[in-house]
Amino acid sequence: MAYIHLDGVSKQYGSVWAVDRADMAIGKQEFVSLLGPSGSGKTTLLRIIAGLERPTQGRVLIDGEDVTELPPHRRGVAMVFQEFLLFPHRTVYENLAFPLRMLKLPKGEIEARVEWAVGILALRGLEKRYPNQLSGGQQQRVALGRGLVGRPKVLLLDEPLANLDRELRQEMEVEIRKHQTDLGIPFIYVTHNQEEALSMSDRIAVVRGGRIEDFASRTAIYDHPRTAFIAQFVGRSNRFTGTALISQGKTALCDHGVRIESAARPDIADGKRIAAYVKNEKIQLKPAAEMPADAANTLTATIRYVLLRGAYAEYVLGWTGGEIIVSRPRSEAAFAQGAEVACFWNEADIDLFPMTEDGR
Ligand SMILES: Nc1ncnc2c1ncn2[C@@H]1O[C@H](COP(=O)(O)OP(=O)(O)O)[C@@H](O)[C@H]1O
Ligand SMILES: [Mg+2]
């Protein structure tokens, strides 16, 4: 069923395993992101799929064919890079035609395909320009077009929006997702930016230290992080730490007098050091006076600053345990700097994990 299979793919550079036993199955219509911090092995994995790098171990299958030993041009894949890599001394038209000339396609076919790319990428009228006469977004569209003109079975994108400013990046996210949907081919998109991965992907593979820490739907990755690393890396969270107290079907911890209580977690033993994560937008606010004393999953705090972020107000609050950040829709009642408020959250919005030896 899957269109692309990675079967135990590993890559060793000297003593470093840049990719460590990656297994993935990707569907024909899927938009998948590889999300991880810098140096986690994302580019290496993408280059292995492209055939630009040979895996030390494992196999790559595309459309039922083992392509592990095939060179890049025989795999039906195309790759778009962060640096665009346009030819500066060639026009938009020539940049788009270049991969087709390499494939030695007939002239009419080249013209038709360049015309098609110019049309879908909104580059009409710019065909005779040189890259330095284009905006960043236009340059990235040409780079995207150069990936698509060869009609690849799979498009691989390595941080293609990293050099664009935020507004343009968000516009391009819509465009990229649209092209993937229209073309009906898998896109594998590498990024260290969780917002990009969340906005476009069907599924996200979180990569850490060469390993795929989880590969799941974007909502599962965001709402139910499987590891503390994912809870920390995806979304914005507040972290509380303490010792696990298990009683009456609850697992709780106490941090600076605040009791954080959630449903029992059989995998966490009594007395273990644990960390609890609550996403910024899952914390609610009300005036401190309205909060019953001694309730679990609440704390009292003072608003230090209020940052406006479009439809959201971001509150930076001080409490006895330090600082927490709460993001609330601006349609809700606002609180002013200096106000004393109660923060509270639902049990179901707590992600609990055992802490590792290094205290993380
Ligand atoms: N050609 C190479 N030679 C040696 N080490 C490499 C090479 N390419 C990548 N690495 C190492 O492999 C690891 C993963 O790199 P990379 O795949 O580029 O990560 P990412 O794209 O997630 O930032 C890093 O430790 C990096 O230094
Ligand atoms: Mg990279």
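Rules behind the numbers
- Residues numbered from 1 in each chain as written.
- Chains lettered and ligands numbered in written order.
- Predicted model: local features only at pLDDT ≥ 70, side-chain atom pairs only at ≥ 80, totals over all residues.
- Heavy atoms only, no water.
- Helix = DSSP H or I, 4+ residues; strand = E, 2+ residues; numbered from the N terminus.
- Buried < 20%, exposed > 50% of the residue type's maximum accessible area, 1.4 Å probe, protein only.
- Contact = heavy atoms within 4.5 Å.
- Domains from an automatic or database assignment.
- Buried area = accessible area lost by both parts, 1.4 Å probe.
- Salt bridge = Lys/Arg side-chain N within 4 Å of Asp/Glu carboxyl O.
- Polar contact = N/O pair within 3.5 Å; in protein donor to acceptor, adjacent residues only side chain to side chain.
- 1 Å grid on protein atoms, 1.4 Å probe; cavity = no way out; pocket = protein on both sides within 12 Å on 5 of 7 lines; lining within 4 Å.
- Points joined across faces, edges and corners; volume = space filled by probe spheres on them.
- Nonpolar A, V, L, I, M, F, W, Y, C, P; charged D, E, K, R; others polar.
- Pairing = 2+ DSSP bridges.
- Axes fitted to C-alpha atoms, helices over the stretch in contact; angles between N-to-C directions.
- Core = buried A, V, L, I, M, F, W, Y, C linked by side-chain atoms within 4.5 Å.
- Near = heavy atom within 4 Å.
- Areas by Shrake-Rupley, 256 points an atom, 1.4 Å probe, with all protein chains shown as cover.

Our focus in this paragraph is the environment of D223. Within the secondary structure, D223 sits in helix α7 (residues 218-223). On the basis of relative accessibility, which here comes to 33%, the residue D223 falls in the partly exposed class. In this structure D223 touches K282 and D351, once residues within four positions along its chain are discounted.

Bringing the domain arrangement of the chain into the picture now. If you check the domain split of the chain, you get domain 1 (4-230) and domain 2 (236-354). One C-alpha centre belongs to domain 1, the other to domain 2, and the line joining them spans 38 Å. Counting residues at the interface gives eight residues for domain 1 and seven residues for domain 2. Of the roughly 610 Å² buried between domain 1 and domain 2, counting both surfaces, carbon and sulfur atoms make up 43%. Broken down residue by residue, the surface that domain 1 buries against domain 2 is led by Y222, P225 and A228, which jointly contribute 65%. Linking domain 1 to domain 2 there are one salt bridge. For R236, the salt bridge is made with E195, and the minimal N-O distance between the two is 3.2 Å. Our count for the contact surface shared by domain 1 and domain 2 stands at three residue pairs in polar contact (both at pLDDT 80 or more).

Computed from the structure, the largest pocket encloses a volume of approximately 710 Å³. Tallying contributions element by element places strand β6 (residues 77-81) first for the lining of the largest pocket, with five residues. Taken together, the residues that form the lining of the largest pocket break down as 17 nonpolar, four polar and two charged. For the second largest pocket, the lining is made up of 14 residues, of which E195, Y222, R236, Y312 and S327 are closest to its centre. Secondary structure elements with two or more residues in the lining of the second largest pocket: α6 (194-200) and β18 (312-319). In terms of residue count, the dominant contributor to the lining of the second largest pocket is α6 (four residues). Considering only residue class, the lining of the second largest pocket consists of three nonpolar, five polar and six charged.

This brings us to the pairing of strand β13 (residues 250-255). Here strand β12 (residues 245-247) pairs with β13 via three bridges, running antiparallel. Considered in β13, the bridge of S247 is made with K250. The turn joining β12 and β13, which pair antiparallel and follow one another in sequence, is formed by two residues; a positive phi near 50 degrees is taken by Q248. For β13 and strand β14 (residues 258-263), the ladder comprises six bridges, and the chain directions are antiparallel. Paired with C254 across the bridge in β14 is R259. Taking the residues that link successive antiparallel strands as the turn, the β13-β14 hairpin has two residues, and the phi of H256 there is positive, at about 45 degrees.

Another aspect to go through is the environment of P160. Residue placement: P160 occurs in the loop between β7 (154-158) and α5 (166-183). Considered as a pair, P160 and Q170 are 10 residues apart in the sequence and their alpha carbons are 12 Å apart.

The six strands are arranged β6-β7-β8-β3-β9-β10 in an open sheet whose pairing can be described as mixed. Taken across any chain shown, the strands that pair with only one partner, and hence form the sheet edges, are β6 and β10 (211-217). Averaged over neighbouring strand pairs, the angle between their axes works out to 15 degrees when direction is ignored. As paired elements, β7 and strand β8 (residues 187-191) share four bridges and run parallel to each other. Looking at the pairing, D158 lines up with V190 of β8. This element, helix α1 (residues 42-50), spans β3 (31-35), β6, β7, β8, β9 (203-208) and β10 of the sheet and lies at about 155 degrees to β7. Against the sheet, α5 contacts β3 and β8, and its axis sits at roughly 160 degrees relative to β8.

Right, let's get into the nonpolar core. Counting residues in each nonpolar core, the largest one holds 31 residues, and the members touching the most others are L144, L155, I176 and F187. Breaking this core down by element, the ones donating at least two residues are β6, α2 (92-102), α3 (107-120), α4 (136-148), β7, α5 and β8. Here L144 is in contact with V80, L121, L155, L157, I176 and H179, once residues within four sequence places are set aside. In this structure, Y3, M24, A50 and V190 belong to the second largest nonpolar core, which totals 28 residues.

Here we take up the site of ligand 1. Lining the immediate surroundings of ligand 1 are Y13, A18, P37, S38, G39, S40, G41, K42, T43 and T44. A distance of 2.8 Å is found between an oxygen atom of ligand 1 and a side-chain nitrogen or oxygen belonging to K42. Within the contact set of ligand 1, an oxygen atom lies 2.8 Å away from a side-chain nitrogen or oxygen of T43. Summarising the interface, the protein chains cover 56% of the accessible area of ligand 1, which totals 560 Å² for the free molecule. Grouping the amino acids of the shell around ligand 1 by side-chain chemistry returns three nonpolar, six polar and one charged.

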